[in-house]
Amino acid sequence: MKKILLVLVMFLLVGCGTTEGDKVLDVNALRNDLTNLKIDEVGIFSTAENINDTDVIDSYGIDVKLLDDYLIYISTEVEDPSMYMVVLPKKGEEAVVKYQIDEFFTMYHAAYNGYYPEVAYMIENKKEETVGDYLVYVVSKDNDKVYNVIKKNYK
């Protein structure tokens, strides 16, 4: 009897907490937080209009049809490599999406390498993480600050 009671108590304790599967990314709050994020009173990402611009994303070879959810910003300013990608690949498409993003970064780096070495260096030192099932990539003057904002919006 004690064993059954112990098993029931453990089951209830484990079942009452939130699991990783219960967490979701609040994309609207994240968009707002990243648009307003500043370093030394200067916005990290220049304009909100560059968020989820499918023409720009497609031009870099990332197929948004393979994603269940995404928030992508790519700067259109020549000397500014700032960008972030927070993408949720559809089930079974993770490898293809990762490949497309790797190819994106190869092209992105090549566009700056040789012309703007300090910018190419920022791209080489991108932050690449996962938050739940989301793939997260950040190129900015403070990758950790941006990543922490992304993690904060995963609840």
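Now for a description of the structure that goes with this document.

## Observations concerning unusual backbone geometry
Backbone phi values are negative for most residues with the exception of glycine, while trans is the configuration of most peptide bonds. The phi dihedral of Asn-52 falls on the positive side, at around 55°, and the residue is not glycine. Within the secondary structure layout, Asn-52 lies in the loop between β2 (42-43) and α3 (54-59). By relative accessible area, Asn-52 is classed as partly exposed at 21%.

## A word on the packing of aromatic side chains
Throughout the structure, instances matching the rule amount to 11 aromatic pairs. Where Phe-45 meets Tyr-73, the ring centres are 5.1 Å apart and the plane angle is 65°; that geometry is what we call edge-to-face. Residue Phe-45 is found in the loop between β2 and α3, and its partner Tyr-73 is found in strand β3 (residues 67-74); the two are separated by 28 residues along the sequence. Aromatic side chains Tyr-60 and Tyr-108 sit 5.9 Å apart centroid to centroid with 85° between the ring planes, which places their arrangement in the edge-to-face category.

## Considerations on the sheet that holds β3
One open sheet accounts for four strands, arranged β3-β4-β6-β5; its pairing is antiparallel. Unpaired on one side and paired on the other, β3 and β5 (127-131) mark the two borders of the sheet. Neighbour to neighbour, the strand axes of the sheet diverge by 15° on average, direction disregarded. Two strands pair when backbone bridges link them, and strand β4 (residues 83-89) and strand β6 (residues 134-139) are joined in this way by five bridges, in the antiparallel orientation. Across the sheet, residue Met-85 finds its bridge partner in β6, namely Tyr-137.

## Observations regarding helix α2 (residues 27-35)
Within α2, the full set of buried residues consists of Val-27, Leu-30 and Leu-34. Seen from one end, α2 has its buried residues packed into an arc of 55°, which puts them on one side. Of the surrounding secondary structure, the elements contacted by the buried residues of α2 are β3, β4 and α6 (143-152).

## Here we look at the pattern of salt bridges
Scanning the model with the defined rule gives five salt bridges in all. Taking the shortest distance from any N to any O, the salt bridge between Lys-152 and Asp-33 comes out at 3.1 Å. With Lys-152 in helix α6 and Asp-33 in helix α2, this pair connects stretches of sequence that are 119 residues apart. Measuring nitrogen to oxygen at the nearest pair gives 3.9 Å for the salt bridge that ties Lys-126 to Glu-128. Residue Lys-126 is classed as partly exposed on the basis of its relative accessible area, which comes to 26%. What emerges from the salt-bridge pattern is a single network uniting Lys-127, Glu-129 and Asp-144.

## Remarks on the nonpolar core
Counting 23 residues, the largest nonpolar core has Met-83, Met-85, Val-87, Ile-101, Phe-104, Phe-105 and Tyr-108 as the members making the most contacts within it. When residues in this core are grouped by element, the largest group, six residues, is from helix α4 (residues 94-112). Those residues in contact with Phe-104, other than ones at most four positions away along the chain, are Tyr-60, Ile-62, Ile-74, Met-83 and Met-85. In this structure, Val-27, Leu-34, Val-131 and Val-149 belong to the second largest nonpolar core, which totals 22 residues.

## Quick look at the layout of surface pockets
Taken as a whole, the largest pocket encloses approximately 230 Å³ of empty space. Surrounding the largest pocket, 12 residues form its lining, Gly-43, Ile-44, Asp-80, Ser-82 and Lys-141 being those nearest its centre. Broken down by secondary-structure element, the contributors of at least two residues to the lining of the largest pocket are β2 and α5 (117-124). Per-class residue counts for the lining of the largest pocket are six nonpolar, three polar and three charged.

Parameters and conventions
Residues numbered from 1 in each chain as written. Predicted model: local features only at pLDDT ≥ 70, side-chain atom pairs only at ≥ 80, totals over all residues. Heavy atoms only, no water. Helix = DSSP H or I, 4+ residues; strand = E, 2+ residues; numbered from the N terminus. Buried < 20%, exposed > 50% of the residue type's maximum accessible area, 1.4 Å probe, protein only. Phe/Tyr/Trp six-rings, centres within 6.5 Å; stacked < 30°, edge-to-face > 60°. Pairing = 2+ DSSP bridges. Axes fitted to C-alpha atoms, helices over the stretch in contact; angles between N-to-C directions. Arc of directions from axis to C-beta. Contact = heavy atoms within 4.5 Å. Salt bridge = Lys/Arg side-chain N within 4 Å of Asp/Glu carboxyl O. Core = buried A, V, L, I, M, F, W, Y, C linked by side-chain atoms within 4.5 Å. 1 Å grid on protein atoms, 1.4 Å probe; cavity = no way out; pocket = protein on both sides within 12 Å on 5 of 7 lines; lining within 4 Å. Points joined across faces, edges and corners; volume = space filled by probe spheres on them. Nonpolar A, V, L, I, M, F, W, Y, C, P; charged D, E, K, R; others polar.

Read these as geometric descriptors, not functional statements.
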